[in-house]
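Given next are the chains, with one letter for each unit.
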Amino acid sequence: MAAEVELLAVVGAGSMGAQIAQQAALGGVSVLLQDVSREQLAKAAASNRALLERRVQKGTLSADGCEAALARVRTTPDLAEAVAGAGIVIEAIVENLEAKRQLFARLDELTSPQTVLATNSSTMVVSEIAAGLAHPERCCNMHFFFPVLVMDLVEIVKGPQTSEATVEAALQLARRMGRTAVVIRKEIDGFIVNRILHAASQEAYRLLDAGVASFEDIDTAVEKGLNWPMGPFRLGDFSGLDVTYNARLFRFQKTGDERYRPSKALEAKVKAGELGRKTGKGWYDYTEDAAKK
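Residues numbered from 1 in each chain as written. Predicted model: local features only at pLDDT ≥ 70, side-chain atom pairs only at ≥ 80, totals over all residues. Heavy atoms only, no water.

(A) Fine view of the packing of helix H1 (residues 15-26) against helix H2 (residues 38-58). Look at H1 against H2: their axes get within 10 Å of each other, and the N-to-C directions meet at 50°. When the interaxial angle is binned, H1 and H2 end up oblique. Judged by the twist between their axes, the crossing of H1 over H2 is right-handed. Taking contact as the criterion, the partners of Ala18, Gln19, Gln22 and Leu26 in H1 are, on H2, Ala44, Asn48, Leu51, Leu52 and Arg55. Among the residues making up the contact of H1 with H2, the classes are represented as five nonpolar, three polar and one charged. (Axes fitted to C-alpha atoms, helices over the stretch in contact; angles between N-to-C directions. Helix = DSSP H or I, 4+ residues; strand = E, 2+ residues; numbered from the N terminus. Parallel < 35°, antiparallel > 145°, perpendicular 65-115°, else oblique. Left-handed = near helix turned anticlockwise from the far one by under 90°. Contact = heavy atoms within 4.5 Å. Nonpolar A, V, L, I, M, F, W, Y, C, P; charged D, E, K, R; others polar.)

(B) How the structure looks around the packing of aromatic side chains. Counted by the stated rule, this structure contains seven aromatic pairs. Plain terms: the ring middles of Tyr205 and Trp283 are 6.1 Å apart, the flat faces sit at 50° to each other, and that makes the pair tilted. Placement of Tyr205 in helix H8 (residues 193-209) and of Trp283 in the loop between helix H12 (264-271) and helix H13 (288-292) is noted, with a sequence separation of 78 residues between them. Trp283 gets classed as buried once you look at its relative accessible area, which sits at 9%. Ring geometry for Phe233 and Trp283: centres 5.1 Å apart, planes at 75°, overall edge-to-face. Taken together, the positions of Phe233 in helix H10 (residues 232-239) and Trp283 in the loop between H12 and H13 put the pair 50 residues apart, joining distant regions of the chain. Each of the two residues, Phe233 as well as Trp283, counts as buried. Chaining the aromatic ring pairs together yields one cluster made of Tyr205, Phe215, Phe233, Trp283 and Tyr284. (Phe/Tyr/Trp six-rings, centres within 6.5 Å; stacked < 30°, edge-to-face > 60°. Buried < 20%, exposed > 50% of the residue type's maximum accessible area, 1.4 Å probe, protein only.)

What follows is the structure, given as structure tokens:
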């Protein structure tokens, strides 16, 4: 049972992996955060410290609580060291099927058959990632939402061979992390949230591509008319336009369904390197001068 899991391993120290690790630490779980890049590990630690210290400044987290949570996350570039003794391993590497398959095959060798192997992927189901493993029953999706330190939901997806014990372990861990979890008992592209969000945002892109309205006006209409906190283009900038594009391209190539073909305007943004907040420009301009304006 995940309530008894005292060590969590998170593989991949990008924005998602770093915050998954820190959220678990806030729930009292000891974490080993692994990445092949020492520079990325240092960047993740610095980012998490800044985010928690901001809570201290706001009075929502004590200074002692901040330091204790930060201390519960240790980092290492060594995969074998990271997963040794872990009750659950959460993969949060690049959204590339072959890369994930290779990692899961390695995890299958390095961990005991009782260790739960979870992928944070929002676009790939675990049956594809864990195909050919000796113990696929211990594998599932645990899809967190970014930013993990803010977003409450975790989608747990049961593959056709995932055991109920694995689902229960994932549920218990999510709850210990202070997150609300839902269980999806049948693998389906997009799961719940992204499937609904995709349908709405894809229509927004169709409106833009057809010249019906500007992206600014579409965002305003959605924010004011549907009461969304962010319109689809502002949300895309926040998440990363490359993430949005690659997810849609993956589904389109997999299904051949024209509904999933990426928008031409979105493709142009990605090819221009304008990926949203992380590059300083996407649909909106996030440079210092633009922010002041």
